[in-house]
Structure formats: structure tokens, C-alpha cells
Amino acid sequence: MTASTALVTGAAGGIGLRIARLLAERGWKVLVGARDEAKGAEVAAPIGACPVLLDVTDAGAIARAAATVRELDVLVNNAGISLDAGVPVTETGVDVFRRTYETNVFGVVAVTNAFLPALRRSAHPRIVNISSGTGSLTWATGPQFPHRGTHAAYRSSKAALNALTVYYAHALADDGIKVNALAPGLRRTDLNATAAASDGDPAEAAAGAVRLALLPDDGPSGEFFSWDGTPVPW
Ligand SMILES: NC(=O)c1ccc[n+]([C@@H]2O[C@H](COP(=O)([O-])OP(=O)(O)OC[C@H]3O[C@@H](n4cnc5c(N)ncnc54)[C@H](OP(=O)(O)O)[C@@H]3O)[C@@H](O)[C@H]2O)c1
């Protein structure tokens, strides 16, 4: 039997690298997507994964990567950027929105569509979109929400990603492709200063992503889950 194959975008560090490691430990063939070739090779080797040069904003790179993968069981859309933490929306330039959306939203559409033929060849295809609880409009409109009026480029990009999760789940239901979004919780990574200063273990978030990657055929699709498996309101 051939090993299952997963592609994790933005997997040269942070949560993505932990997801790649967990899947590799299960004996999967893991493609570590990285926009820096040397960094991808450096992190992939120790975990027994394969580096793939993949900038999710680069159509040519996406097409070249997709051409090398015949069958894909799991796609984890993990690559993301956060440029406006703590900045009020009234002081956030449209360029920051554009750059954020290029990676966090348009990049997901481009990568997902490019790898659909390979996903359709899998017996149990799954797509996991790494979103954020800060993208929940229900939570954002609650009285205790900490980021009121700030971090709007990033948060709205994750709200858009949540919407895409529902639309892809509907569009791909007949293909048996399950598509879900994950809120990983605040984790100590290079994403932004708040994340870097936190004590959240990125490996714990990765375990939540792997749970969605391994959903059984009667599992949910088009839903939003926290890292611990509890539902997150849209
Ligand atoms: N950490 C948290 O607290 C937290 C909370 C909620 C959601 N998230 C989400 O979790 C995901 C992973 O973030 P993280 O916390 O692990 O941060 P991270 O360590 O900064 O990882 C993000 C990864 O995305 C890659 N990336 C950025 N732009 C890319 C592009 N255009 N093409 C390909 N890769 C690109 C980065 O590559 P380089 O190494 O080349 O920069 C990096 O490997 C993101 O979607 C983030 O929004 C994180």
C-alpha cells in the first residue's frame, strides 16, 4: 500500500512545521511547502518530509508544484501573514489589506484549485484551512472581544477564509472532499509580536489540524473548529 500524501503550505516553521512533523510521524509522505528553498530543505530533512518550493502568491510556483503531485490526500492551507496587529482599521492602508488578502485568501483559492485534480484522485480527500478565532464575527461582536476595531486586514481575511471554507465544502461535497476550518488558538510563532510573546504550544494547534486531516468519511464538512475539537461560531 502506498503512503498517504499531504501538502502543508507555509510549513518551514510555526504551526505548519508541527503539522508536517505529526503527519510524517504517522508514516505519511509530507510535502513541506516553503517559499524559501533552502529553509524548506533544512526543516524537511530531519522530519523525513519532502520540501516543495511554494509561494502561495506566485501562480507559476503553484502550477509547478501541482504538476509534481499526482495524488493528494490532504491539503493544509496554513500559510498566512499578519501585518496589522493592534493597528486600528482607520489607520490601515489598503495596501496592507491587499498584501494580507493575497496570501491569506487569494493564495488559498489558487493553491486549492491547482491541487483539486490530485485531491480528486484520493480515496479520502481532506482540506484543512488554518483560520483564526479572530475571524469569527460572532466572537468579534461579543462584549469581551479584545481586538475591537483593530487587526482588520488579518481578521477580515480569516472571515473571508471561513466563508470560502463553506463554499468549497458545498462545491466539493459530491467529490467526497471534506473542507473544514481550524482556529488554532494563540501560539508562540513568528506570525506577529503577540503570537511570539505568547506561551501557546504550536504543536497543540497542529494536533487539532491533524484531527481534521484524518476525519472519517462520515465526519463533518464546511465547519469551523477550535484546536481542541470544539465548534467555533462563524
Ligand atoms: N500563531 C498564532 O497564534 C495563530 C493564531 C491564529 C491563527 N494562526 C494561523 O496559523 C497559520 C500559521 O501561522 P503561524 O502562527 O505558524 O505563523 P508563522 O510561524 O509566521 O508561519 C506562517 C508560515 O506561512 C509562510 N508564508 C507566509 N507567506 C507565504 C507565502 N506567500 N507563501 C508561502 N508561505 C508563506 C511563512 O513562511 P516564511 O517562513 O517564509 O515567512 C511561514 O512559514 C497562519 O495561517 C496563521 O494566520 C496563527
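For the structure, check the block above.
A brief structural summary.

Parameters at a glance
Residues numbered from 1 in each chain as written. Predicted model: local features only at pLDDT ≥ 70, side-chain atom pairs only at ≥ 80, totals over all residues. Heavy atoms only, no water. Helix = DSSP H or I, 4+ residues; strand = E, 2+ residues; numbered from the N terminus. Buried < 20%, exposed > 50% of the residue type's maximum accessible area, 1.4 Å probe, protein only. Contact = heavy atoms within 4.5 Å. Areas by Shrake-Rupley, 256 points an atom, 1.4 Å probe, with all protein chains shown as cover. Lys, Arg positive; Asp, Glu negative; His and termini not counted. Charge placed at Lys NZ, Arg CZ, Asp CG, Glu CD. Near = heavy atom within 4 Å. Polar contact = N/O pair within 3.5 Å; in protein donor to acceptor, adjacent residues only side chain to side chain. Pairing = 2+ DSSP bridges. Right-handed = clockwise from strand over helix to strand, strands pointing away. Axes fitted to C-alpha atoms, helices over the stretch in contact; angles between N-to-C directions. Parallel < 35°, antiparallel > 145°, perpendicular 65-115°, else oblique. Left-handed = near helix turned anticlockwise from the far one by under 90°. Phe/Tyr/Trp six-rings, centres within 6.5 Å; stacked < 30°, edge-to-face > 60°. Lys NZ or Arg CZ within 6 Å of the ring centre and 35° of its normal. Salt bridge = Lys/Arg side-chain N within 4 Å of Asp/Glu carboxyl O. Nonpolar A, V, L, I, M, F, W, Y, C, P; charged D, E, K, R; others polar.

What follows deals with the overall build of the protein. In terms of regular secondary structure, the protein is built from 8 helices and 7 strands. Considering only C-alpha atoms, the protein reaches an extent of 55 × 40 × 30 Å along its principal axes. Looking at the protein residue by residue over its 234 residues, the buried ones come to 51%. Of all intrachain contacts in the protein linking residues separated by at least 6 positions in sequence, the fraction that spans at least 24 positions is 67%. When the accessible surface of the protein is totalled, it reaches about 10,800 Å², and 55% of it is carbon and sulfur. Side-chain charges of the protein comprise 20 positive and 22 negative groups, with the mean position of each set lying 1 Å from the other.

Contacts to the ligand come from 29 residues, most closely from Lys39, Asn78, Tyr154, Arg187 and Thr189. A distance of 2.8 Å is found between an oxygen atom of the ligand and a side-chain nitrogen or oxygen belonging to Arg35. Asn78 places a main-chain nitrogen or oxygen 2.8 Å from an oxygen atom of the ligand. When the free accessible area of the ligand is taken as 890 Å², the share hidden by the protein chains comes to 91%.

Next up on the list: the pairing of strand E4 (residues 74–77). Here E4 shows no split at all, with Val74 and Val76 on one side and Leu75 and Asn77 on the other all buried. As judged from the 3 bridges shared by strand E1 (residues 5–8) and E4, these two strands associate in the parallel manner. Within E4, the position partnered with Val8 by the bridge is Val76. Taken together, the 4 bridges between E4 and strand E5 (residues 126–130) define a ladder with parallel strand orientation. Looking across to E5, one finds that Asn77 is bridged to Asn129. In this view, the connection linking E4 to its parallel neighbour E5 by way of helix H4 (residues 94–120) has right-handed handedness.

Attention now moves to the environment of Phe224. Along the chain, Phe224 turns up in strand E7 (residues 224–226). Measuring from C-alpha to C-alpha, the distance between Phe224 and Gly135 comes to 11 Å, with 89 residues separating the pair along the chain.

One can describe the packing of helix H3 (residues 59–67) onto H4 by two numbers: an axis separation of 9 Å at closest approach and a directional angle of 30°. Accordingly, the angle class assigned to the pair H3 and H4 is roughly parallel. For the pair H3 and H4, the crossing hand works out as right-handed. For the pair H3 and H4, contact is made by Ile62, Ala65 and Ala66 and by Ala110, Val111, Ala114 and Phe115, respectively.

Taken together, the 7 strands give an open sheet; going across it, the order is E3-E2-E1-E4-E5-E6-E7, and neighbouring strands pair in parallel fashion. Of all strands in the sheet, those bounded by a partner on one side alone are strand E3 (50–53) and E7. Across the sheet, the mean angle from the axis of one strand to that of its neighbour is 25°, orientation sign disregarded. Each of strand E2 (29–34) and E3 touches helix H2 (residues 37–44); the most contacted strand, E3, lies at about 165° to it.

Considering all chains together, one arrives at 3 aromatic pairs under this definition. Their ring planes at 40° and their centres at 6.3 Å tell us that Phe97 and Tyr101 sit as a pair that is tilted. Placement of both Phe97 and Tyr101 in helix H4 is noted, with a separation of 4 residues, approximately one turn of the helix. Each member of the aromatic cluster is reached from another via a ring pair, and the members are Phe97, Tyr101 and Phe106. Lying across the ring of Trp227, Arg187 places its NZ or CZ 5.0 Å from the centre.

A separate point is the pattern of salt bridges. One pass over the full model with this rule turns up 4 salt bridges. Residue Asp175 pairs with Arg120 through a salt bridge whose shortest N-O separation is 3.2 Å. Pair noted here: Asp175 is in the loop between helix H6 (152–172) and strand E6 (178–183) and Arg120 is in helix H4, with a separation of 55 residues, a long-range link. The class of Asp175 is partly exposed, set by a relative accessible area of 35%.

What follows concerns the packing of helix H1 (residues 14–25) against helix H8 (residues 202–213). Axis separation between H1 and H8 bottoms out at 8 Å; the angle between their running directions is 60°. By the criterion of interaxial angle, the relationship of H1 to H8 is oblique. For the crossing formed where H1 meets H8, the hand is right-handed. On H8, the residues touching Gly14, Ile15, Arg18, Ile19, Leu22 and Leu23 of H1 are Pro202, Ala203, Ala205, Ala206, Ala207, Ala209 and Val210. Counted by class, the contact of H1 with H8 contains 11 nonpolar, 1 polar and 1 charged residues.

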